[in-house]
Amino acid sequence: MVLVGRGRCDDSPVRDGVTTRPWIVDDDLWALIEPLLPPWPERAPGPRPVPDRLCLQGILYVLRNDIAWQLLPAELGFGSGQTCWRRLECWQRAGVFDRLHRILLAKLHAAGELDWSRACVDGPRPRQKGGADTGPSPVDRRKRGSKHHLICDGRGTPLKVITTAANVNDVTQTLALVDGVPPVAGRPGRPRRRPEALLGDKGYDSNPNRDELRKRRILPVISRKGSPNVKRLGELRYVVEQTFALLHQFKRLAVRWERRTELHNAFASLACSLICWRRLKKTSHDRATSSEHGHQ
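Residues numbered from 1 in each chain as written. Predicted model: local features only at pLDDT ≥ 70, side-chain atom pairs only at ≥ 80, totals over all residues. Heavy atoms only, no water.

Novice: I'd love a proper account of the nonpolar core, names of residues and values included.
Specialist: Among the nonpolar cores identified, the biggest contains 73 residues, and Ile 151 and Leu 247 are the most heavily contacted of them. Discounting chain neighbours no more than four positions away, the residues touching Leu 247 are Leu 150, Val 161, Leu 253, Ala 271, Cys 272 and Ile 275. (Core = buried A, V, L, I, M, F, W, Y, C linked by side-chain atoms within 4.5 Å. Buried < 20%, exposed > 50% of the residue type's maximum accessible area, 1.4 Å probe, protein only. Contact = heavy atoms within 4.5 Å.)

Here it is, written out as structure tokens:
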């Protein structure tokens, strides 16, 4: 069966705390998301709307499988693709996905699962169909596309994703990524948003940016063009490459179909949230298992 309305459980097989049907929203995740959703008018005209939880699962199905909205299978019970698309648009306008991402980062921070000793930046280019924030490909100037720019913590947890035209140089997005990291609560004191160091390859080589990072009390660890790479930089930056691999497991991000950048960004923020949620569940599962073994 599928989730219907509120409080129902799904019978999908579970492996290590993760359902094998990853578009299904479990009760714990829904408890975080539901309070963030804008309420429906009590006396809205027309038929009763499809429950939010089902629409969210339809959105996740499209995000995971990269199908056209109109091809969302009716037998799943998630409503039509058009209904799910409208709900995505509404929730993006309300800032739901960015707020969810911030809440999950705070929970990871509270659990000691964020590594603020360093952050990594990168910007490989996904394949694109078009839309706003597209531009000539740096490989083939006749083709248009866009790319993701990512900053993650030292363990590969995504902190911020920015979408730009494919011909935008990585170096121009360094400070936007750093300043785009949301304030992360979860521990006593002021929310945290600055890593101690920022790692980047030669695409991020810029003395003005190094100066700006130092003003933000961030140590720049960025290779210089024409010089050997910083020692062990490739090994340390492996985490950001792994994070991109996780992001592009959400097939809707690997090939961009949304012409409106804000809707593509909604998918990107939702994917970041799901990666954080998966890590939080794994942490809880591992700690519970360790506790059980300790009592034996």
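Novice: Summarise the environment of Val 178; cite the residues concerned and give the values.
Specialist: When you line up the elements, Val 178 lands in helix α5 (residues 174-180). C-alpha separation for the pair Val 178 and Arg 216, spaced 38 residues apart in sequence, amounts to 9.4 Å. Ignoring any residue separated from it by four or fewer positions in sequence, one finds Val 178 in contact with Ile 151, Arg 194, Leu 198, Leu 213, Arg 216 and Ile 218. (Helix = DSSP H or I, 4+ residues; strand = E, 2+ residues; numbered from the N terminus.)

Novice: Tell me what's going on with the pattern of salt bridges, and back it up with residues and numbers.
Specialist: Evaluation of the coordinates by the stated rule reveals 16 salt bridges. The salt bridge partner of Lys 147 is Asp 170, with a shortest N-O separation of 2.7 Å. Of this pair, Lys 147 sits in strand β6 (residues 144-153) while Asp 170 sits in the loop between β7 (158-165) and α5, placing them 23 residues apart in sequence. Side by side, Lys 147 and Asp 170 carry an identical accessibility label, which is buried. With a closest N to O distance of 2.9 Å, Glu 212 and Arg 216 form a salt bridge. (Salt bridge = Lys/Arg side-chain N within 4 Å of Asp/Glu carboxyl O.)

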